[in-house]
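These are the residues of each chain, in order.
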Amino acid sequence: MQPAEKPLAPGGSRCRPRSPRAGAAPGGERLPALDALGARPSERSGAAAAAWRAPGAAQPCTGWRGALRRAAAPGRPPAPRRGGGGAGARPWGWGLALGLALGVKADGGQAAEASALPPPRGFGAAIERSRDLLRRIKDEAGIPGILVGVSVDGKEVWSEGLGYADVENRVVCKPETIMRIASISKCLTMMAVAKLWEEGKLDLDAPVQKYVPEFPEKVYEGEKVAITTRLLVSHLSGIRHYEKDITKVKEEKEKANRAFKLTKPDRDKEQEGKGIEKADPVKPRKEHEGEVKSRNSKPGRRDKEFEQEEYYLKEKFESVIESLKIFKNDPLFFKPGSQFLYSTYGFTLLSAVVERVSGQKFTDYMLKMFRDLDMLSTVLDDNEAMIYNRARCYVYNKKGRLVNAPYVDNSYKWAGGGFLSSVGDLLKFGNALLYSYQAGQFKKNNCKLLPGYLKPDTVAMMWTPVPKTEVSWDRDGKYAMAWAVVEKKQQCGCCRQQRHYASHTGGAVGASSVLLILPEELDSEALGTGLVTPPRGVIVSIICNMQSVSLNSTALKIAREFDKEKWAQYID
């Protein structure tokens, strides 16, 4: 008889049953602890004991070697794999050491190789601190429901939902809840663009009219100019965003530039850790405002960004080519390549390029890619389709009351903000990218390593900051190819260290999101041992069903919490 499935823990988090203590017999009798070779002290032969104590034997050490040795130490209890506390332990320590020491043969006599460092013992403390942080953000911003997922070194260690996916029917959020991911859709589209480029089907530097002749050739100040795919993915094309009035856009840019000059750099650094995020000089501010600002102005209200009427289009477009009519005849706001202007419509044009290059409908091509990436919960934001676990979207009205978000049809911007997903699927997507990014560094020492979905050089190109770009949600960063990237930097000793990471935030009607990838700084010594495999790093995804909530600094804090606890466990 199969045991009943373990229900969700209170609060919507997943947990697994506890494993028995190491050294405990089935009947509860305590057995003598095993040593790293799988033998009890009384069973070890004199020769084996002498060899164990021999001067040439490996001695305790620090770092990842010490972690491996300590993991196989006598009496070490099994490590909880997920969620902290007693969540799902797995006895692995002495078994791994036994395999390494005796060279166990498998698969036709080939020696079994260790594929990874021992998993950390658990992330209970990081989860508690991160959960408390999310609850504060949720309460301060008045968010009905929020989802969070964290993976460490390719393994999902925490996923949880707080609050309600449906306030009216009291449906609580859970890890499987699906919400609008808004502009994270741009990262998904970039994956498709990169794949087609790798296959030699797409020229990033060819004019878009080569693939989409329906898009008219453009002239700026009497000069014929070219828009390329490379410019589109970095928001350098000059195509407008939702604001049609170029005068207002220029005024916004000048205002933001003055604010930048008046702000002291060291004050910016001090405030960054407190969640204060600055606005893009060109892009309207409300899509990515800081969490702290939300304490003073209620998120979810229709102000600035969400006052643009094109956010609330209700027309259903049957094809991406048809949706080009919204903006294709509008003048460019600047000469392509000269300035940065965040543009979702640029990605609508990009979706037409993908469609023509792939020979498939854009939506069909994307859904096939999601299947290849095992992202089975990522779908189109289609109002007519029956989508299980879909959350409702909310805003605040002028009286400050929570109401359902207005009806919108996002078929005009599938590529730039038209997908639904879960935090678990976003973690899978992030891990696929991180694996691809790091696989080349491991391949030299592990010929059996599977290839990534993309080539390492391709992801490196995607994550290379592009000149003349800015990032609204982290002023230390630059925009790359559909990703914001912050590079590693430290200006003074014993002062703030800026870690390398990539992220993208999103804002849609009734939803906000972030996906952040914090790669591990790989050590050449560890790479040479073959004991570690990609992906190595922390990935955080957060989605909520309330608009105008910026989540990047929160995600970065959570990523650092888990990264810190991971290394604390290895050297503990």
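Everything that follows concerns the structure shown earlier in this document.
Residues numbered from 1 in each chain as written. Predicted model: local features only at pLDDT ≥ 70, side-chain atom pairs only at ≥ 80, totals over all residues. Heavy atoms only, no water.

Draft legend 1. Representation of the nonpolar core. Counting residues in hydrophobic clusters, the biggest one holds 99 residues, and the most contacted among them are I239, F429, L433, M462, W463 and W483. If you tally residues by element for this core, the top one is helix α5 (residues 184–198), at nine residues. Residues in contact with W483, not counting those within four places in the same chain, are C187, F429, L433, M462, W463, K478, A502, S503, H504, L515 and I517. Core analysis: the next-biggest nonpolar cluster, separate from the first, contains 33 residues, V152, V540, V549 and L551 among them. (Core = buried A, V, L, I, M, F, W, Y, C linked by side-chain atoms within 4.5 Å. Buried < 20%, exposed > 50% of the residue type's maximum accessible area, 1.4 Å probe, protein only. Helix = DSSP H or I, 4+ residues; strand = E, 2+ residues; numbered from the N terminus. Contact = heavy atoms within 4.5 Å.)

Draft legend 2. Local environment of the sheet that holds strand β16 (residues 484–486). As summarised here, the arrangement of the eight strands in space is β7-β6-β5-β19-β18-β17-β16-β15, forming an open sheet in which the pairing is antiparallel. Strand pairing shows two members of the sheet lacking a second neighbour, β7 (171–172) and β15 (478–479), which therefore form its edges. Pairing of strand β5 (residues 145–152) with strand β6 (residues 155–166) involves eight bridges; the strand directions are antiparallel. Bridged to V150 within β6 is W158. (Pairing = 2+ DSSP bridges.)

Draft legend 3. Examining the pattern of salt bridges more closely. Throughout the structure, instances matching the rule amount to 30 salt bridges. Across the pair R129 and E565 runs a salt bridge, and its minimum N-O distance is 3.5 Å. Linking R129 in helix α4 (residues 124–141) with E565 in helix α17 (residues 552–571), this pair joins segments that are 436 residues apart in sequence. For R129, a relative accessible area of 39% corresponds to the partly exposed category. Across the pair E315 and K325 runs a salt bridge, and its minimum N-O distance is 3.4 Å. In this pair, E315 sits in the loop between α9 (293–296) and α10 (320–323) while K325 sits in the loop between α10 and α11 (344–358), placing the two residues ten residues apart along the sequence. Residue E315 is classed as partly exposed on the basis of its relative accessible area, which comes to 38%. Through salt bridges that share partners, R240, K244, E309, E310 and D330 make up one connected network. (Salt bridge = Lys/Arg side-chain N within 4 Å of Asp/Glu carboxyl O.)

By themselves, these observations are geometric and do not establish any function.
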